[in-house]
Every structure is written in C-alpha cells, then in structure tokens.
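Breakdown of the fold
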Amino acid sequence: MGNSKERKLRELRARAVEDFQSIMKLDFGKKRFETDLSCGGRDWFGIARKYYEEYCSDDVKLDYKLEIVRRSLMLASCVGGVEYKRLLAQAYLTGVFGSENGQEKEGLYWLSRAVDEDDGEAEAMMALNYFYARCGVKKNYKKAFELFSKAASHGNALASRFMGDFYSHSKFGKIVSPDFDKAFEWYRIAAEGGDSYAQCLYGREFYSGKKVPQDYDKAFALFSKAAEQNDPNGIFMKAQCIWFGFGTKQNKSEAFELFKKAAELGSVVAALDAGKALYLGEGTEKDLERALVYFEQSAQGGCDEGKCAAEICRKEMGA
C-alpha cells in the first residue's frame, strides 16, 4: 500500500510540475511570479490566490481561473506542507473544482495523505465523513471515534466536542461507555478551544445545575462567547440570561433584540420568545401583528408551543 501511495504521489508531482510549467507560458503576471520564487517564496497557495485575485482579468472564464488555482495547489500539495493537502482535499470534496466523477475520490486521497501526517483538521474532516456517511464514505462510528480521538489529541476543538458527544449518548455504547464526567471534560476542552456549540452545551450544564453546581455567571460567560461567534443558540441563551437577570443585569429590551437576532439566524425557540415579548409588550411595545409573524416562524420550525401561540394570537386579533 505504501509503495502504491508513493508511486501515485510521484506521478502527481510530475504531472503538477508539468502543468504548472505550461501555465507559466501564459501571460498572467509571470514576472511578478518569478520574483516571488527568486525571493525564496514557498507559499504556493498564496501565489495561486494572486493569480485568481490579481492577474486573471475579467475576460478570463471562471473555470479557467479555478484550474490555475487547482494546478498551483496540486503542486503545493506535492512539495509543500500538510496544510496544502488538506486545502486541496477540501476543495475537491466541496465541489470547488466541479462536480464531475472522480472529485470525491481525489479529495479523499489527499485528505488521507493529510491524515497520514497527523494533521488534526484533516483527521476531524475524515472523522466527520465516517460519522455522517459523507463524500462516498460509509458510516462507521468506530472509525469516526478513533479519528476524533486523534484530532482532539492534536488540539482540534470540533473533535473534542464530538468526543463529548460520544461519552454523552448511550447509542455509542458499543464503542465507548457513557461517562458524564468524561463528556463534561471534553466539552470544557472544546469550549476553551473556541467551539461555539460546545460553549453552549457546557454553559447549559451550569445554567440548569442538574449535574453540576448551578453557576449563572459561568453560564452567561460561555453563552456570550458563543454569541460573539454568531451562534444562534448562544445568542438565544445569552438573551435568556439577560431577560431573567441570570449572571448579569436584567434588561428585557436588550434581551428582546437578541431574541430577534437569534430568530433571524434560524432559532425556533428565539422566535417564540420574541413573539411572546411582542404579545405581552415586555421589553418592547405590544404588537400582535409582529408577534404573530414570530409565532408562525416558530410553528413552521416545528415548535408546538409556537403553533398554539399563533392560534391564540389570531383569535385575539379576530383573524
């Protein structure tokens, strides 16, 4: 297997170099490019981006611009660092270079190369493929867990959050025994690593106080960090804290604005609470028509309470 991979890599390197040399015969900022190389530059992807942003005029087709980027990134993947392999894999797997046959296979090849080099982000990407059965990969929770474990050990926050999920849910019992303490620790690591979803999960434990001592100050701080990343759940939970004065000063007007923002980002429960505020005239002026809009949004999102609230609001409006 190793010889086969090395042989394919040599073939790709030779093809990439040949392709790149053919590109250099074209008049797309050749002088500037040669200057970059003479200065010892090895940021191949950066150079490819220069082609895309600076050198390709508007009359050059987008497909051709992308091909220049693809070939440049291919060469970078052959001679540069692991981050280029990951970027090339991501480009193939997300359809940046088209959707014809072979894109996923090519993407998975480069992603596996990055995984072989212990790249945490690549390990997390591959784990997600096994977890969700994406990119032509069959669902395999065991392989996903192994890869998430490796990625988490390399500091990947997303992987740490999924490690928490594995220890939280009994459906993964054949792979790992449920353990709240381990799950809580992984969520802490993921939250501190900047994962907004984990910040919400970790914060909710302090908010509810069911399994750990209740601490509204910690909960509010975590929800605020998630909200800074425009996470709708983080914005909603921050609004809840502000509405009731948990861990912060009570301010229903500020909370209402946050409910609206979270609703705009798709939060069903935030739409419900924005509607309640408008229906009751708390934190804002009473407005049944606007309240109904939010109730209907909540109902369309599958919230039963939103459906009931919408019916009550319609009756009161005489609609």
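These figures come from a predicted structure and were not determined experimentally.

1. Focus: the overall build of the protein
Helix and strand counts for the protein stand at 17 helices and zero strands. Burial status across the protein gives 46% buried among its 319 residues. Of the contacts made within the protein by residues no fewer than 6 positions apart, 47% connect residues no fewer than 24 positions apart. Accessible area of the protein: about 17,100 Å², with a carbon and sulfur share of 48%.

2. So, the side chain of aspartate 165
Relative to the elements of secondary structure, aspartate 165 occurs in helix α9 (residues 157-168). Despite being buried, aspartate 165 has no salt bridge partner; arginine 161 is the closest side chain of opposite charge, sitting 4.6 Å away. The contact partners of aspartate 165, leaving out residues within four places of it in the chain, are Phe172, Tyr187 and Leu201.

3. Describing the packing of α9 against helix α10 (residues 180-192)
Put simply, α9 and α10 touch, their axes get as near as 8 Å, and they point 165° apart. In terms of orientation, α9 and α10 fall into the roughly antiparallel class. α9 and α10 meet at a crossing whose hand is left-handed. For the pair α9 and α10, the contacting residues are Ala157, Ser160, Arg161, Met163, Gly164, Asp165, Tyr167 and Ser168 in the first and Lys182, Ala183, Trp186, Tyr187, Ile189 and Ala190 in the second. Of the residues assigned to the contact of α9 with α10, the class counts are eight nonpolar, three polar and three charged.

4. Looking at the environment of glutamate 106
Along the chain, the position of glutamate 106 falls in helix α6 (residues 103-116). The class for glutamate 106 is buried, based on a relative accessible area of 17%. For the pair glutamate 106 and alanine 89, spaced 17 residues apart in sequence, the C-alpha to C-alpha distance is 7.3 Å.

5. What about the packing of aromatic side chains?
Within the structure shown, the criterion is met by 26 aromatic pairs. With centroids separated by 5.1 Å and ring planes inclined at 85°, the aromatic side chains of tyrosine 141 and phenylalanine 172 adopt a geometry described as edge-to-face. Residue tyrosine 141 is located in helix α8 (residues 141-153), and its partner phenylalanine 172 is located in the loop between α9 and α10; the two are separated by 31 residues in the primary sequence. Put simply, the rings of Phe131, Tyr132, Tyr141, Phe145, Phe148, Phe162, Phe166, Tyr167 and Phe172 pair up and form one aromatic cluster. Positioned above the aromatic ring of tyrosine 279, the side-chain terminus of lysine 286 is 4.9 Å from the ring centre.

6. A closer look at the nonpolar core
Within the largest apolar cluster, 84 residues are counted, with the highest numbers of intra-cluster contacts made by Trp110, Phe148, Phe166 and Phe295. For this core, the leading source of residues is helix α7 (residues 120-132), giving eight residues. Those residues within four positions of phenylalanine 148 in sequence are excluded, and the remaining contacts are Ala124, Ala127, Leu128, Phe131, Ala159, Phe162, Met163 and Phe166.

7. As for the environment of serine 208
Topologically, serine 208 is positioned in helix α11 (residues 196-208). For the pair serine 208 and alanine 219, spaced eleven residues apart in sequence, the C-alpha separation works out to 9.1 Å. A polar contact of 3.5 Å, which involves the side chain of serine 208, links it to the backbone oxygen of glutamate 205.

8. Thoughts on helix α12 (residues 216-228)
Given a rise of 1.5 Å per residue, 13 residues ought to cover 18 Å, and the 18 Å separating the end C-alpha atoms of α12 matches this to within 8%. Among the residues of α12, those classed as buried are Ala219, Phe220, Leu222, Phe223, Ser224, Ala226 and Ala227. Those residues of α12 that are buried are in contact with α10, α11 and α13 (232-244). Between a side-chain oxygen at the N-terminus of α12 and the backbone nitrogen of aspartate 217 the separation is 3.2 Å; the capping residue is aspartate 215.

9. Overview of the confidence of the model for the protein
Chain-level pLDDT for the protein is 84 on average; 76% of the residues reach the 70-or-more range. This stretch, residues 26-42, has a pLDDT under 50; its non-local contacts, to residues over four places away or in other chains, come to 24 contacts.

10. What to know about the side chain of glutamine 103
Take glutamine 103: it is sitting in helix α6. A relative accessible area of 11% means that glutamine 103 is categorised as buried. Beyond its immediate stretch of four places on either side in the chain, glutamine 103 contacts Tyr92, Phe97 and Gly98.

11. Re α7
Here α7 spans 18 Å end to end across 13 residues, near enough to the 18 Å set by a 1.5 Å rise per residue. Inspection of α7 places Gly120, Ala122, Glu123, Ala124, Met125, Met126, Ala127, Leu128, Asn129, Tyr130 and Phe131 among the buried residues, and these make up the whole buried set. Taken together, the buried residues of α7 touch α5 (82-93), α6, α8 and α9. The positive-phi residue at the C-terminal boundary of α7 is alanine 133, with phi of around 55°.

Cut-offs used in this document
- Residues numbered from 1 in each chain as written.
- Predicted model: local features only at pLDDT ≥ 70, side-chain atom pairs only at ≥ 80, totals over all residues.
- Heavy atoms only, no water.
- Helix = DSSP H or I, 4+ residues; strand = E, 2+ residues; numbered from the N terminus.
- Buried < 20%, exposed > 50% of the residue type's maximum accessible area, 1.4 Å probe, protein only.
- Contact = heavy atoms within 4.5 Å.
- Areas by Shrake-Rupley, 256 points an atom, 1.4 Å probe, with all protein chains shown as cover.
- Lys, Arg positive; Asp, Glu negative; His and termini not counted.
- Salt bridge = Lys/Arg side-chain N within 4 Å of Asp/Glu carboxyl O.
- Axes fitted to C-alpha atoms, helices over the stretch in contact; angles between N-to-C directions.
- Parallel < 35°, antiparallel > 145°, perpendicular 65-115°, else oblique.
- Left-handed = near helix turned anticlockwise from the far one by under 90°.
- Nonpolar A, V, L, I, M, F, W, Y, C, P; charged D, E, K, R; others polar.
- Phe/Tyr/Trp six-rings, centres within 6.5 Å; stacked < 30°, edge-to-face > 60°.
- Lys NZ or Arg CZ within 6 Å of the ring centre and 35° of its normal.
- Core = buried A, V, L, I, M, F, W, Y, C linked by side-chain atoms within 4.5 Å.
- Polar contact = N/O pair within 3.5 Å; in protein donor to acceptor, adjacent residues only side chain to side chain.
- Expected span 1.5 Å × (residues − 1).
- pLDDT = per-residue confidence, 0-100.

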